Amino acid sequence: MVEDTTTKVYTLEEVSKQNGKSEKGTVWIIIKDNVYDVTDYLDEHPGGKETIMEFAGKDATKDFVAAGHSGDAKKELKSYKIGEIVEEERKKKTKKADNTVAVYKNDKIKDVETEDAQDSAKNRRSCISIITCGLCKFS
Ligand code: HEM
């Protein structure tokens, strides 16, 4: 039998529908652009069912990280992964403008300039240096 290794991708809208209110009562959450089906974990959660239910169908990254979960908790989380968020809707490395990308740094999202933008900034700086030196010579 050939194992299916392709990762399933979901839109934010698809995840938002799995908020525990459907007929099956399925609960999905998003942590760092990964999608987890935690339906069977709710009653086991040492932090309580309601803590997770608050994020049913939503992104729980900030609060999951803020709770300071142990390595064991992170390992456990992995076993509930069912897929990832579609590229265009991911928070990590989402192309923002032509010359910036959003990246995760210390669990905060930050826009950084791409190499092209950094190169053009360097070129601008060296042009200014040449003009300044020229003006100094003639004064
Ligand atoms: C949805 C967001 C989540 C929040 C806000 C959250 C919050 C918390 C909090 C506040 C505690 C501390 C409970 C206490 O000390 O009384 C805790 C413990 C714990 N949580 Fe969560 N939790 C979340 C999701 C999850 C998920 C999805 C898993 C695993 C599948 C998980 C696994 C654990 C474990 C194993 C503990 C025990 C302490 C530890 O090993 O870190 N949690 N959680």
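Values in this document were obtained by computation on a predicted structure and should not be read as measured data.

A. Examining the overall build of the protein chain more closely. Within the protein chain one finds five helices and seven strands. Secondary structure elements of the protein chain occur, N-terminal to C-terminal, as β-α-β-β-α-α-α-β-β-β-β-α. Expressed as a percentage of the 139 residues in the protein chain, the buried residues total 13%.

B. Main features of the environment of lysine 8. Summarising the element assignment, lysine 8 is placed in the segment before strand S1 (9-10). Sequence-wise, lysine 8 and isoleucine 85 are 77 residues apart; in three dimensions their C-alpha atoms are separated by 8.5 Å. Discounting residues that sit within four places of it in the chain, lysine 8 has contacts with Ile82 and Gly83.

C. How the structure looks around the nonpolar core. Within the largest apolar cluster, 15 residues are counted, with the highest numbers of intra-cluster contacts made by Trp28, Ile29, Ile30, Ile31, Val35, Tyr36 and Ala60. Secondary structure elements with two or more residues in this core: strand S2 (28-31) and strand S3 (34-37). With sequence-adjacent residues up to four places away left out, isoleucine 29 is seen in contact with Tyr36, Val38, Ile52, Phe55, Ala56, Lys58 and Ala60.

D. Fine view of the sheet that holds S3. Spatial ordering of the open sheet is given by S1-S4-S3-S2, a layout of four strands whose pairing is mixed. A single partner strand is all that each edge strand has here, and the edge strands are S1 and S2. Both S3 and strand S4 (residues 81-85) contribute to a ladder of three bridges, which runs antiparallel. Bridge pairing in S4 places tyrosine 36 opposite lysine 81.

E. Region of interest: the site of the ligand. Taken together, 20 residues lie near the ligand, and Gly47, Ala60, Ala67, Ser70 and Ala73 sit nearest. Elements that contribute at least two residues to the shell around the ligand include exactly helix H2 (49-53), helix H3 (61-66) and helix H4 (71-78). The element best represented in the shell around the ligand is H4, accounting for four residues.

F. Inspection of the pairing of S3 at higher detail. Pairing between S2 and S3: four bridges, direction antiparallel. Bridge assignment links isoleucine 31 to a residue of S3, and that residue is asparagine 34. Counted between consecutive antiparallel strands, the loop separating S2 from S3 contains two residues, among which lysine 32 sits at a positive phi close to 45 degrees.

So, how was this worked out
Residues numbered from 1 in each chain as written. Predicted model: local features only at pLDDT ≥ 70, side-chain atom pairs only at ≥ 80, totals over all residues. Helix = DSSP H or I, 4+ residues; strand = E, 2+ residues; numbered from the N terminus. Buried ≥ 20, exposed ≤ 12 C-beta atoms within 10 Å, placed from the backbone. Contact = placed C-beta atoms within 7 Å. Core = buried A, V, L, I, M, F, W, Y, C linked by C-beta atoms within 7 Å. Pairing = 2+ DSSP bridges. Near = placed C-beta within 6 Å.

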